[in-house]
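Given next are the chains, with one letter for each unit.
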Amino acid sequence: MSTQATAGHALGVAMKRKEDPRFIQGKGHYVDDLTFPGMLYLALVRSPYPHAEIKNIDIAEAMKVPGVKAVITGKDLDAAGLGWLPTFHGFDKQMVLAIGKVLFQYQEVAAVFAESREAAADGAEAVQVDYAPLPVVADPFTSKTDKVLLRPDREQKTNHIFHWEVGDKDATARALASSPRRIKQRLWFQRCHPAPLEPCGCVAYFDTMGRLQFHVTSQAPHVYRTALALVTGIPEDKIHVISPDIGGGFGNKVPVYPGYVCAIVGALKIGRPVKWIETRTENLTSTGFARDYHMDVEIGATDDGRVTALHVATTADHGAFDAAADPSKYPAGIFGIVTGSYAFPVAHAEVDAYFTNKAPGGIAYRCSFRVTEASYAIERGMDILADELGLDAAELRRKNFIKKEQFPYPSALGFTYDSGDYHRTLDTALEKIGYRQLLKEQAEKRARGELMGIGLSTFTEVVGAGPSKHFDILGIKMFDSAEIRIHPTGAGIVRAGTKSQGQGHETTWAQIVAEELGLDPQTIMVEEGDTDTAPYGLGTYASRSTPTAGAAIAMAARRIREKARKIAAHLLEVGETDVEWKDYKFQVKGVPSKTVTMKEVAFAAYTNMAQNEPGLEATFYYDPPNMTYPNGTYVAVVDVDRETGEVKVRRFLAVDDCGTIINPMVVEGQIHGGLTEGFAIAFMQEIQYDADGNNLNTNFTDYLLPTSLETPHWETDKTTTPSPHHPIGAKGVGESPNVGSPAAFVNAVIDALSPLGVRHIDMPITRDKVWRAILDAEARKK
Amino acid sequence: MKVKVTVNGIVYARDVQPRTLLAYFLREDCGLTGTHVGCDTSSCGCCVVVMDGGRAVKSCTMFAVQADGHEILTVEGLASGAALHPLQQGFWDQHGLQCGYCTPGMMLASYALLKQNPKPSEADIREGLAGNLCRCTGYQNIVKAVQQAADKMREPVSAGR
């Protein structure tokens, strides 16, 4: 793998990251690193109750704490018209600070502004709130009964938020009824939290021109600017949003949180900068969670294992407010990808979402809007079907894959899959892992009573939201953008509407420009996250950056090339039509000796442009014609200790097809990280609530993240089918490993336990659950 | 309370509250923001610094007053002038970081590890860094980064400290 990018060969090079020198020297620039003269600190008072009426809030003692400057409550905000915040997909609103009652434990109740971090915390402790507890609804099945109405503020007097469905309901029901073989399984994809290591936070102040300067951990700074303008009434030109370096996002830093609004209100009210940095407990208990989908999966098949129909009915727990950060037309995200990699003739998917007394959210946690849930449902479902039919899990998949000659493939649930070669990807994986040998070993071990499992996941994702005819957030279409300026010396700057949180855009965006223009990627600076300078974009989440902004960058570079061609013609003293772009240079057609480089053209664009327009810049707003469909085959090999229930992941291989690769080192890094989060979701991460609505996983000693000790060694490989509609053929990769891997882990564990008759265990698969499953299975046999 | 802490060879004499954590002392009183805070429970290791030349400490779990009279090494003190420390070079070369938030703590925990064990196996490194969380890399490239640094630091004419 080449590690040196040169002028004219930058795509596919494992170039070291340009952003790293500042991070390894402790010179990263995160929100909490900022200080401004006179800056105040904000601390939030939070509810200890999951559901309670607020009888009274007494701020008198808090105001006596030395250093406390102000305390505001929901009433104050409501009086100012800022009591409620619209949620991102636009169908609900969320209290900024509790008004009248609290709806989940740790809900924001009051905001305390003080001279120091410590004084703000002391002030928050001193705020006295009288609560009258109300009956708690801690799960969507109780919520469904509407015995306790959680949201009387809404017009619809029910806890049911929405019913969404896609596909042919009747045809699916008929096909299932007439299928000789059927499986049905309830799968719960547990509530979990992305937990980026940097918590959320912001600094807000109004500058001498009365302009809001808002530094914030945002994955989508332009959307924040527009949302703030719409909510606060501040003209959009008077709002400057800056996302500095972000310490991981994974979807957690997409929504606008109450703390942000309070910081802005405090800055306005007090006239000084306000910093709000949440604690880890605040992060885990109140910011965007993910999943919490109870899915009933039903698959029909013929006796020889051809799938005939798929039905998935989901009960979704959305918490206290419907704050799911989904595109407007997709209240259940892109769950319609649930037919996966298989040629289902007919399918039907439906989701019913309910309010509960749990934290709001439902963000895309390293998944393209509910694609992880969908992928888990189908990949678990296929394994259960293989078990039912007595077929090898790989064979069943092979038999039902969409064939490479069927692309573009219209799925039963309305997507047009762009490209893939699922058979080749599966074959590559099985050969590399030594599947036959593993099956042989497994048979020998089973004969000895040992528990070894092999788990497959042959997933297809849908990313790159998205085409304007389908995708918008708050009405804003989900295009993305790029602006490129090439300076006289052939160096340049590219700005994009996306925002890296570790993905490496400062390197990969430069590589795209360098490849398209024959320039040195080391001299292409990348800037994102500043709404004053970057072109308008929808941000970085849902694996959309490369499919959208990456495409915009390539297209903007091609615009520059077209302009440069005119100047090249002038320099080469030929007509424009006689100039061709070849081997990263302009050349007189058929005369390889007569060339001019982009660097030379760049200089001429400012010094010797003849009658052409001076300068060398371009902007491109890219509206993707379709989504992209990254896919892969993942194989997990596990050993289960029969006595203790301990699962050891012996091997894990990920073969990914993410289309054209910009930087293989960055892609591999993304896959390692995503697999680790998938591993964590399969075995460790869960935000649990007890029946009384208490959050049981409020810090990193209770919410378990994998360390270097637990994390398995990852093996990776690739196949490549370039996306036919993306300018450079890229598909996006950041989330594939997190989408594809949970099912592989679970399938492997269940495969190991299948000789005992264990059919399913819900994630996270803890040692305790496995041990109990083994004991139960053995008891049944007696 | 008055404290005198030597950070990266420079003496910082400051008046602090008894409850001031070393992490915030470094970040706010010394202006060294490379030391990060990622949790409230001493779990994540983003705040790890090296005390008295070889002991990794979580600076969120120590009061500034406890560091009075001690020497602290932070990420800002790793490089010698323009020359990166082998750990910094290793993390860069091996793609041992993505968002960069855990990186300073990871490098300083590795620094202490290599002081105690200059030739660690992969298992030694994984065990030595088990107090530091990373959400981006999956640790594999971090292990490689530390191995590269260890190899470099064992060379006869070492650039390491």
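Since this is a predicted model, take the numbers as computed values, not measurements.

Cut-offs applied
- Residues numbered from 1 in each chain as written.
- Chains lettered and ligands numbered in written order.
- Predicted model: local features only at pLDDT ≥ 70, side-chain atom pairs only at ≥ 80, totals over all residues.
- Contact = placed C-beta atoms within 7 Å.
- Helix = DSSP H or I, 4+ residues; strand = E, 2+ residues; numbered from the N terminus.
- Pairing = 2+ DSSP bridges.
- Axes fitted to C-alpha atoms, helices over the stretch in contact; angles between N-to-C directions.
- Core = buried A, V, L, I, M, F, W, Y, C linked by C-beta atoms within 7 Å.
- Buried ≥ 20, exposed ≤ 12 C-beta atoms within 10 Å, placed from the backbone.

Quick word on the interface of chain A and chain B
Here is step 1 of the chain: With 42 residues of chain A in contact, the opposing surface of chain B contributes 42 residues.
Here is step 2 of the chain: Put simply, the parts of the chain that give the side of chain A that touches chain B at least two residues each are α1 (20-24), α9 (280-286) and α17 (664-683) of chain A.
Here is step 3 of the chain: A per-element tally of the side of chain A that touches chain B places α17 of chain A first, with 6 residues.

Some details on the sheet that holds strand β28 (residues 591-596) of chain A
Residues and elements named next belong to chain A.
Here is step 1 of the chain: Read from one edge of the open sheet, 3 strands run β26-β27-β28, paired in antiparallel fashion. The strands lining the two open edges of the sheet, one partner per strand, are β26 (579-582) and β28. Here the average twist between neighbouring strands, direction ignored, is 45 degrees.
Here is step 2 of the chain: Across 3 bridges, strand β27 (residues 585-588) lies against β28 in antiparallel orientation. Counterpart to Val588 in the pairing with β28 is Val591.
Here is step 3 of the chain: The strands touched by helix α15 (residues 545-572) within the sheet are β26, β27 and β28, with β26 carrying the most contacts at an inclination of about 120 degrees.

Quick notes on the nonpolar core
Residues and elements named next belong to chain A.
Here is step 1 of the chain: Judged by nonpolar contacts, the single largest core of 321 residues is most densely connected at Leu42, Val112, Val513, Ile553 and Val749.
Here is step 2 of the chain: Per-element tally for this core: the top contributor is α15, with 14 residues.
Here is step 3 of the chain: In this structure, Leu42 is in contact with Ala111, Val112, Phe113, Ala120, Gly259, Cys262, Ala263, Gly266, Val274, Lys275 and Trp276, ignoring residues within four places of it in sequence.

Concerning the sheet that holds strand β13 (residues 239-242) of chain A
Residues and elements named next belong to chain A.
Here is step 1 of the chain: Overall, mixed pairing links the 7 strands, which are arranged β3-β7-β1-β14-β11-β12-β13 in an open sheet. Among the strands making up the open sheet, the edge pair consists of β3 (68-73) and β13. Each strand axis lies, on average, 20 degrees off the axis of its neighbour in the sheet, ignoring direction.
Here is step 2 of the chain: Pairing of strand β11 (residues 201-206) with strand β14 (residues 274-277), which is carried by 4 bridges, proceeds in the antiparallel orientation. The residue bridging Val203 from the neighbouring strand is Lys275, located in β14.
Here is step 3 of the chain: Strands in contact with helix α7 (residues 221-232) are β12 (212-216) and β13; relative to β13, the strand with the most contacts, it is inclined by about 150 degrees.

In short, shape yes, function no, at least from these values alone.
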